[in-house]
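Okay, here's what each chain looks like letter by letter:
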Amino acid sequence: MSFSNLGLSEKVLAAVAATGYTTPTPIQEQAIPHVLARKDVLGIAQTGTGKTAAFVLPMLTILEKGRARARMPRTLILEPTRELAAQVKENFDRYGAGQKLNVALLIGGVSFGDQDAKLTRGVDVLIATPGRLLDHTERGGLLLTGVELLVIDEADRMLDMGFIPDIERVCKLVPFTRQTLFFTATMPPEIRRITETFLHNPQKVEVSKPATAAVTVTQVQVPAGREAHEKRELLRRLLREAKDLKNAIIFCNRKREVAIVHKSLQKHGFSVGALHGDMDQSARTAALEQFRKGELPLLVASDVAARGLDIPEVSHVYNFDVPHHADDYVHRIGRTGRAGRTGTAISIVTRLDQKSMAAIEKLIGQSIPLAEGDFEIHTEASDATERPREARGRERSRGGRGKPQRGRDRDRSHEPREARGEARHASEARHASEAGHASEAKSPSEARQPAEARHRSSDKRRAEPRHDARQQANPSHVPSIGRPEPRRQREADTEPGDHSHLPAFLLRPVRSPAGA
Ligand code: AMP
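Note that the coordinates shown come from a computational prediction; the quantities given were computed from them, not determined experimentally.

*Asks:* Provide a residue-level description of the pattern of salt bridges, including the pertinent values.
*Replies:* Applying the stated rule across the entire model yields 17 salt bridges. Here lysine 89 makes a salt bridge to aspartate 93, at a shortest N to O gap of 3.2 Å. Placement of both lysine 89 and aspartate 93 in helix H4 (residues 82-95) is noted, with a separation of 4 residues, approximately one turn of the helix. Note on aspartate 93: relative accessible area 41%, which makes it partly exposed. One salt bridge in this structure joins glutamate 257 and arginine 254, with 3.0 Å as the shortest N-O distance.

*Asks:* Lay out the nonpolar core in plain terms, naming residues and giving numbers.
*Replies:* Ranked by size, the top nonpolar core spans 38 residues in total, and within it Phe55, Leu57, Ile77 and Phe92 carry the most contacts. Secondary-structure elements contributing two or more residues to this core are helix H1 (10-19), helix H2 (26-36), helix H3 (51-63), H4, strand S4 (125-128), strand S5 (149-152) and strand S6 (179-184). With 9 residues, the top contributor of residues to this core is H3. Apart from residues no more than four positions distant in its own chain, leucine 57 is found in contact with Phe3, Leu8, Val12, Val16, Ile32 and Tyr95. In terms of nonpolar packing, the next biggest core, distinct from the first, is built from 34 residues, Leu106, Ala155, Met158 and Phe198 among them.

*Asks:* Talk me through H3; I want residue IDs and the actual numbers.
*Replies:* Given 3.6 residues per helical turn, the α-helix brings residues three or four places apart onto the same face. Between its first and last C-alpha, H3 extends 19 Å over 13 residues, near the 18 Å set by a 1.5 Å rise per residue. Within H3, 13 of the 13 residues are buried, which leaves it mostly tucked inside the rest of the structure.

*Asks:* Tell me about the sheet that holds S4, and please be specific about residues and values.
*Replies:* Spatially, the 7 strands line up as an open sheet ordered S3-S4-S2-S5-S6-S1-S7, and their pairing is parallel. With one partner strand each, in any of the chains shown, strand S3 (103-106) and strand S7 (203-206) form the two edges of the open sheet. With strand direction ignored, the average angle separating the axes of adjacent strands in the sheet is 15°. Taken together, the 4 bridges between strand S2 (residues 75-78) and S5 define a ladder with parallel strand orientation. Looking across to S5, one finds that threonine 75 is bridged to leucine 149.

*Asks:* An account of the side chain of arginine 254 is needed here, citing residue identities and associated values.
*Replies:* Along the chain, arginine 254 turns up in the loop between strand S9 (248-252) and helix H11 (255-267). The exposure class of arginine 254 is buried, given its relative accessible area of 12%. Only 3.0 Å separates the side chain of arginine 254 from the side chain of glutamate 257, close enough to count as a polar contact.

*Asks:* So what about the pairing of S6? Which residues, and what values?
*Replies:* Within S6, 6 of the 6 residues are buried, which leaves it mostly tucked inside the rest of the structure. Side-chain alternation along S6 places Gln179, Leu181 and Phe183 on one buried face and Thr180, Phe182 and Thr184 on a second face that is also buried. Note: strand S1 (residues 41-44) against S6, 4 bridges, orientation parallel. Its bridge partner being in S6, glycine 43 is matched across the sheet by phenylalanine 183.

*Asks:* Quick one: what's the story with the pairing of S2, residue by residue and with numbers?
*Replies:* Neither face of S2 is exposed, since Thr75 and Ile77 on one face and Leu76 and Leu78 on the opposite face are all buried. The pairing of S2 with S4 spans 4 bridges and is parallel. Along S4, the bridge assignment pairs leucine 76 with leucine 126.

*Asks:* Could you give me a rundown of the packing of aromatic side chains, with the residues and numbers involved?
*Replies:* Applying the stated criterion across every chain yields a total of 1 aromatic pair. Here phenylalanine 55 and phenylalanine 183 contribute two aromatic rings whose centre-to-centre distance is 5.4 Å and whose plane-to-plane angle is 40°, an arrangement assigned as tilted. Of the two residues, phenylalanine 55 sits in helix H3 while phenylalanine 183 sits in strand S6, which places them 128 residues apart along the sequence. Residue phenylalanine 55 is classed as buried on the basis of its relative accessible area, which comes to 0%. A relative accessible area of 0% places phenylalanine 183 in the buried class. Here the guanidinium or amino end of arginine 139 rests over the ring plane of phenylalanine 112, the centre of that ring lying 3.6 Å away. One residue, lysine 231, lies across the ring of phenylalanine 320, its end atom 4.8 Å from the ring centre.

Conventions we followed
- Residues numbered from 1 in each chain as written.
- Predicted model: local features only at pLDDT ≥ 70, side-chain atom pairs only at ≥ 80, totals over all residues.
- Heavy atoms only, no water.
- Salt bridge = Lys/Arg side-chain N within 4 Å of Asp/Glu carboxyl O.
- Helix = DSSP H or I, 4+ residues; strand = E, 2+ residues; numbered from the N terminus.
- Buried < 20%, exposed > 50% of the residue type's maximum accessible area, 1.4 Å probe, protein only.
- Core = buried A, V, L, I, M, F, W, Y, C linked by side-chain atoms within 4.5 Å.
- Contact = heavy atoms within 4.5 Å.
- Expected span 1.5 Å × (residues − 1).
- Pairing = 2+ DSSP bridges.
- Axes fitted to C-alpha atoms, helices over the stretch in contact; angles between N-to-C directions.
- Polar contact = N/O pair within 3.5 Å; in protein donor to acceptor, adjacent residues only side chain to side chain.
- Phe/Tyr/Trp six-rings, centres within 6.5 Å; stacked < 30°, edge-to-face > 60°.
- Lys NZ or Arg CZ within 6 Å of the ring centre and 35° of its normal.

Set out below in C-alpha cells:
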C-alpha cells in the first residue's frame, strides 16, 4: 500500500514524499479513507503508531477547499497537554507547508491577546487544550459553530486528567453535523460512553500496540531506602556507573520531585533538563528541544509532561519513583527500546513501592529482576548538602517542630482524585489544563505518615552503603553525561573507608525473560 492509494490531494502527497515516508502506517491506511469520506472515526491507537498524520493528512486535503472566517475556526483539535498540541501544530507546519492555512494554537501559558488576534484573522485549524479553549469561548472571542471537523486526541489521557466534563461541553458547542475523529489508546467505560454519545455511526479502526518495549528493554529494579535523599544518591550512582548511557529520561511522580531531582543533579554536575507542568511554556519547550538535540543528555520529567511526546530514542529510562499506575510504567519504559533497539529501564524501588511493582509485573506479565549487588543506600549524613532542608520539611509534615503546613503545601487540588478522595470538579480540571499538569500529584506524604513512621525504625537497621572503589580511584571514569563532580561533592556522597566492591549489576546486564 502506498500513500497515493488513500485519496489524499497532490499537495499533501508531495509533502509526505518530502518527509521521506513511503508507506502509510496501519492506522493511516485504515483511517485516512474514512476521514476523506467524511465519516466519524473511532481510532484505537496510541502514540508511536503514526496516528497524528492519520488525521492531519486528510484534514489538509479537506481544508484545501473553503476558507476561514473571523473567530470561527473550521476545524478543532483537542489535546490534553500543551506539548502534544504543539506537536500536532508541527505536523501541520510540516505537511501543510505548500498550503496557505491559518493554524492557531490555544494553550495555556501564552498571552491571551496574541491568541485573540489570531482568532480574529480567521483560523482553518485550531489546536487547543480544553481549558484555554473554553476560556476563549466564555470571553466571547471564539465561536465554535463553524467547526466542520472535530478531533479529540488522546481521549483516555483526557479522562485521566479530569477533562471529560470539558470535552462534553465542547462537543455541545460545535455543530451537531460536524465530523468527529476520536482517538484513544484504551476504552475504559467512561470513554465508551462519550463515544456513544458524541460519535455518529463511527468507523472503528484499531491497531495493535507497537512492539511492546518489554521485548527489547532490559528491565531491572534497584532497592532503595525510603528517603528522597537516599534515592537521589542512588540515582547519581546509577547514572555515573551505567554502561552505554547515551541519554536518559528520569521519571518522577510529582512535579515538585522533578524540580528537586533536577536541581540536585545539576548541583552534582550533571547536564540535565526538566519537564513538568509548573514550568512556564518557554522553559518546557526549551528543555524538550535541548534534550531532542542532545544538548542535555538527561531529562527529569513527570508523566503528564512526557506522555505522548515524540521524544527520540533514549538509551535509558530511570524511574526515580515507581509510578502509581502500572500503565504509566509501560509508557515510561516505552521511551527506550524503540523500533527494535535495545534499552535499559531501571526502577528505584522502596518498600512502599511493593504493591505498585506487583501491579506492574502483573500488567507486563513478567517479573522485573532485582539488580544484583548492594545498591541500597542509606546514609543519614551522606547527602549533607541536601538533607537538612528535607529533614525540616519532614518534621513539619509530621507535626514536629515548625508551623503546620499551609498555603501551597496544603493545596491538594492537583493530587490524583483517589488521593483526594473526591471527584475532580470541572473548573479544577480546567485550571490544571492551563498548566497542562492535571494528574501530576503533590506529595501524598501526609496520607502515608503512619506507614512511613513504621518503616523508619527498620530502615535505620539497614546495611551501610557501599561505594564504587573504581570511581574513587579514577574520577575520569565519570561518563560524559555530566561533569566530574567537584572533589568535595564526591566525598560528600561517600562513606569514609568503605571502598568495598563494584556492583555486579553494572558489569553484567540483567535481561528480562522476554528480552532473552
Ligand atoms: P505519532 O504516533 O503520530 O506520534 O507518530 C510517531 C512517529 O512516526 C512520528 O515521529 C512520525 O513522524 C512518524 N511517522 C508517521 N507516519 C509515518 C510513516 N508513514 N512512515 C514513517 N514514519 C511515520
